[in-house]
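# Inside the fold
The primary structure of each chain is shown beneath.
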Amino acid sequence: MKTAGFAKTEGSAKTLVIAEKPSVAQDIVRALTPVAGKFDKHDDHFENERYVVTSAVGHLVEIAAPEEFDVKRGKWSFAHLPVLPPYFELKPIDKTKSRLSAVVRLAKRKDVGQLINACDAGREGELIFRLIEQYAGGFKNGGYQGLGKPVQRLWLQSMTPAAIRDGFESLRSDAQMRGLADAARSRSEADWMVGINGTRAMTAFNSRDGGFFLTTVGRVQTPTLSIVVEREEKIRAHRSRDYWEIHGSFLAEAGEYPGKWFDPAFKKPTGDDADLEVRADRVWSQRDALAIADAVRGKAASVKEESKPTTQASGLLYDLTSLQREANGRFGFSAKTTLQLAQSLYERHKALTYPRTDSRALPEDYLPTVKETFEMLANSGMKHLAPHALTALNNNYIRPSKRIFDNSKVSDHFAIIPTLQAPSGLSEAEQKLYDLVVRRFLAVFFPSAEFMVTTRITSVSAAQGRPKPGGAPSGGSEPHEVGSVGARVVHHFKTEGKVLVKPGWMAVYGKEAAEDVVDAKEGDKGQNLVPVREGETVRTESVEARGLKTKPPARYSEATLLGAMEGAGKLVDDDELREAMQEKGLGTPATRAAIIEGLLTEKYMFREGREIIPTAKAFQLMTLLRGLGVEELSKAELTGEWEYKLSQMEHGKLSRAAFMAEIAAMTERMVKKAKEYDRDTIPGNYATLSTPCPNCGGVVKENYRRYTCTGKDGASEGCGFSFGKSPAGRTFEPEEAEQLLASKKIGPLEGFRSKAGWPFVAEIVIKFNEEDQNWKLEFDFGDDKKGEETGELVDFAGSESLGACPKCGGAVHEHGSNYVCVKAVPTAEQPTPSCDFKSGKIILQQPVAREQMSKLLETGKTDLLDKFVSMRTRRAFKAFLAWDKEAGKVNFEFAPSKFPPRKTAVGAPAKAAPAKKGAAKKAPAAKKTAVAKTPKAPRKTTVATGKQPSAALAAVIGEGAVSRPEVVKKLWDYIKANGLQDAADKRRVNADAKLAAVFGKPQVTMFEIAGLLSPHLN
């Protein structure tokens, strides 16, 4: 809709422009000033005679079920499901309430005659504006009607001043945007209905035996979890097989070069049952591999080679997902960390463009801005980047290219690039991420790198031996030649060389010449090759058959999981649904990090190094969805189906009412299946524990809900002994269940939830119940007062002190779930306690390691700990634990804020900042002086204070007195240095000869190690 002279309004009425972010509002004001006059800046908006320009800060309003239809967590049961509200209320988001109030106040002004939606060009931008406008109008006649003022749409894909002015010349009508608005609202409500009902139905199902077992599901999070679980299932199912590779070294006139045997007749297997471990260079019999090596050793060989030039272009500019993947691979940053750093570089330092983008291209009118950015970089003084920017400018590298500038590939936002502002004061992590973005930005304009690639085939003719093994484990055929002397066989060895001729964009990364390639010596990777004359005969100097084992697929890292989420559409079989997901994947760049973090928070997955590993709770959820017949919740097809229908809605081919009716029907079916499931267990792949039943010695097996005795034959009803798999909503890992059964106790463990949903920490024990004449599972909260009440004496013999009690100077030891002073519990030396010093080993879900408690006793406080979780807000926070002398207990001490205090009004006295609740109080000056003293040197382990390892343990960790923490650390150093963690399950350790003497068995779990060390420490 062409509207010459920008937005027209009646009389003196003004036009309110609502952008999605403050930075965009500023860009709009700068672009309009030359044609619409100067703007005055106010606290929350800009204004001139024609326009009022303001912005949201992302979503300001959220949808929620009306109070009468909402079901609070404590009442989650099938009786209240499904929740299908007739309409959704709009609620302000708490942290941005003041911003919403400001925007609504402007929208309701009598002199504002029309609105322009200038939120980001896409579905989410449409939703942000529509919810604000409807909330401003209020709820009337059973629905939100909006303000009733005319609305137009500013659709921008470039933020240059000219593009913004062009956008105002071509505003879209409200009717044109109706389909996109319906799709946006429908997606939001459908996600709510499926997420809320699915989570509550699965929670109700899993809580049938009592307690509160929170089981969250969602349209994006559950298929993401399914991807991780399916990969782990493949790893667990993998059975390693032996194979051999044959590596040779060949002597030419110019020197030696390597080569690896391969079968030129090999064809890659196809079909559903294809053996994907079969390769052209693998031999499946040691005898065959040795026979080939013996046959060619010392023989003459002919050489054929082909050399051809090839080029490699730089990677595309970053969108958020590709930046998160790269930062995870290079620096180990989590997706959440990368987003936080990029957001800081965008908001605080103004050094990067908007990071929450799924585009890897720039608008076609952005070439002048790019040249300005290169000029800024060339003159910035950043010595590691400026020379490359200068090279690009001097050589006219910055030219139009569809690979970089393409409006059709720009969605709500364009690619992440540096701004015209050179940053300063960056943290180390921020600098790393900024450099990553800038180098990619520079490199994409540089020429392609040029290589010369050589493929050399060395053929060795040898006497026919036993039949050659072929590519498959079961055998195969061998090409051979038959001459007058008799049958001969030709063995082929491949060598590949790759030489960098012109570095091109690689110069930006410091690669000016060919570098040594990892494993180049193996003969099958890029490397510089010695030349061979045409027709030259070379000699097979040495040959070796190397025994190897097949490996399971690698676990996901955050980088590869983000890639799998982005490319989830490839997993969809239906062509239309796959096409609908082609550019969407699971989640959006802005939400993928939060999805992964949510799965980690809910204990569906955990990080181990850079690997992401699903927990028993994740497998249990997948078993449940399959067993109930609602596995569509775990499939990417659900997103594909929604995207297809939402796309139809955007184009007016499907009504919003029809789509929401389908979502309601799906929700009802999902709840009905869970509610009506009447069998005791759900079919699945369950474990059998090796530890026998403590009551009758029978076999203990896992089912969906419990570990239960199945009699000595493993197939009967057993003696009645059983314990729940998920007490208080925390699912046992099989190794933990094994440890609990073997030791009768385990913990303290995190992740339990009360019936009201609050998290708690506890030990779990199995005790004999006299009334039932059987063993029962119980929580043990480490109530150390029991000893005081019963007079039972505590024996600290053999326990290592952590330091001196800050109250009375007595020794502090571990006791139950606390660190306590020896004088705070009844002992043989002092039956009546005289001190009350005690501090938990886990405080607000933060484990307090022995080393940290020792540091607190030695210096007055721990290191900064970052895993505390507030019981009130449930938010994580960081703090020191410090001894508060005045309060006489351990308290929190918070790090000083990195932001300066707010300025007070002129002439007003500055108010004293209230002390944070739970924080350690400020000490008087005298105390500060005392703290400033040089702390004592850490206590050394001596013969008197340490323990002597047994001969078997000393063979692993060395001779000399050691503390228990030192033993564990040295033991893990040994395990990791020798690669003894099991490849399929890193929580298991495969013992070598030395460790077998310590453990007494060939394999142990990490949970057993501490208990097995005790007999080896005197």
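To be clear, the structure that these remarks concern was listed above.
This write-up is about the structure you can find in this document.

Analysis parameters
- Residues numbered from 1 in each chain as written.
- Predicted model: local features only at pLDDT ≥ 70, side-chain atom pairs only at ≥ 80, totals over all residues.
- Heavy atoms only, no water.
- Helix = DSSP H or I, 4+ residues; strand = E, 2+ residues; numbered from the N terminus.
- Buried < 20%, exposed > 50% of the residue type's maximum accessible area, 1.4 Å probe, protein only.
- Contact = heavy atoms within 4.5 Å.
- Areas by Shrake-Rupley, 256 points an atom, 1.4 Å probe, with all protein chains shown as cover.
- Disulfide = S-S within 2.5 Å.
- Pairing = 2+ DSSP bridges.
- Axes fitted to C-alpha atoms, helices over the stretch in contact; angles between N-to-C directions.
- Core = buried A, V, L, I, M, F, W, Y, C linked by side-chain atoms within 4.5 Å.
- Polar contact = N/O pair within 3.5 Å; in protein donor to acceptor, adjacent residues only side chain to side chain.
- Parallel < 35°, antiparallel > 145°, perpendicular 65-115°, else oblique.
- Nonpolar A, V, L, I, M, F, W, Y, C, P; charged D, E, K, R; others polar.

## Notes on the overall build of the protein
Counting its regular elements, the protein contains 26 helices and 37 strands. Within the span of the protein, comprising 1018 residues, buried residues form 48% of the whole. In the protein, the share of contacts with a sequence separation of at least 24, taken over all contacts with a separation of at least 6, comes to 68%. When the accessible surface of the protein is totalled, it reaches about 50,600 Å², and 51% of it is carbon and sulfur.

## Observations regarding the state of the cysteines
Throughout the structure, instances matching the rule amount to zero disulfides. Cysteine C821 shares no disulfide, and the gap to the nearest cysteine sulfur, in C808, comes to 3.4 Å. Note on C835: no disulfide assigned, nearest cysteine sulfur contributed by C805 at a separation of 3.8 Å. For C835, a relative accessible area of 12% translates into the label buried.

## With respect to the sheet that holds strand β3 (residues 46-47)
One open sheet accounts for seven strands, arranged β2-β3-β4-β1-β7-β10-β11; its pairing is mixed. Of all the strands in the sheet, the pair left with one neighbour each is β2 (40-41) and β11 (172-173). Bridge analysis of strand β10 (residues 151-153) against β11 gives two bridges, and the strand direction is antiparallel. Among the inter-strand pairings, Q152 is bridged to a residue of β11, identified as S173. Helix-sheet contacts for helix α1 (residues 22-36) involve β1 (14-19), β3, β4 (51-55) and β7 (112-118), and the interaxial angle to β4 is about 165°. Strands in contact with helix α3 (residues 123-137) are β1, β7 and β10; relative to β7, the strand with the most contacts, it is inclined by about 155°.

## What to know about the sheet that holds strand β21 (residues 700-702)
Paired through their backbone hydrogen bonds, the strands of a sheet run either parallel or antiparallel. What the three strands build is an open sheet, ordered β21-β22-β23; its pairing is antiparallel. Each edge of the open sheet is held by one strand with a lone partner, namely β21 and β23 (722-724). For this sheet, the mean inter-axis angle between neighbouring strands, taken without regard to orientation, is 15°. Docked against the sheet, helix α19 (residues 734-743) engages β21, β22 (706-709) and β23, running at close to 135° with respect to β23.

## What to know about the nonpolar core
The biggest cluster of nonpolar side chains holds 87 residues, and the ones touching the most others in it are M202, L225, L561, M605 and F659. For this core, the element with the most residues is helix α5 (residues 178-206), which contributes ten residues. With residues near it in sequence (within four places) discarded, M202 still touches T215, V217, L624, L625, L628, V630, M670 and A674. The next biggest cluster of nonpolar side chains, apart from the first, holds 50 residues, and it includes A415, I417, V437 and A443.

## Concerning the environment of Q773
Position of Q773 among the secondary structure elements: in the loop between β25 (759-769) and β26 (774-780). The exposure class assigned to Q773 is partly exposed, which follows from its relative accessible area of 45%. Separated by 78 residues in the primary sequence, Q773 and N695 have C-alpha atoms spaced 8.7 Å apart. Polar side-chain contacts of Q773 include one of 2.7 Å to the backbone oxygen of E770.

## Concerning the packing of helix α8 (residues 320-331) against helix α15 (residues 589-601)
A packed helix pair is summarised by two numbers, namely the angle formed by the two axes and the spacing between the axes. Relative orientation of the contacting elements α8 and α15 amounts to 45°, with a least axis distance of 8 Å. Between α8 and α15, the crossing angle belongs to the class labelled oblique. Facing L320, T321 and Q324 of α8, the residues of α15 in contact are P589, A590, R592 and A593. Within the contact of α8 with α15, the residues separate by chemical class into four nonpolar, two polar and one charged.

## A look at unusual backbone geometry
Cis geometry marks the peptide bond from L81 to P82, where omega comes out at 0°. Along the polypeptide, P82 turns up in the loop between β5 (61-64) and β6 (89-92). With a phi angle near 50°, A728 is a residue other than glycine that sits in the positive phi range. In this structure, A728 sits in the loop between β23 and α19. Judged by its relative accessible area of 16%, A728 falls in the buried class. Located in the positive-phi region is K744, a residue other than glycine, with phi close to 70°. With respect to the secondary-structure elements, K744 resides in the loop between α19 and β24 (745-753). On the basis of relative accessibility, which here comes to 28%, the residue K744 falls in the partly exposed class.

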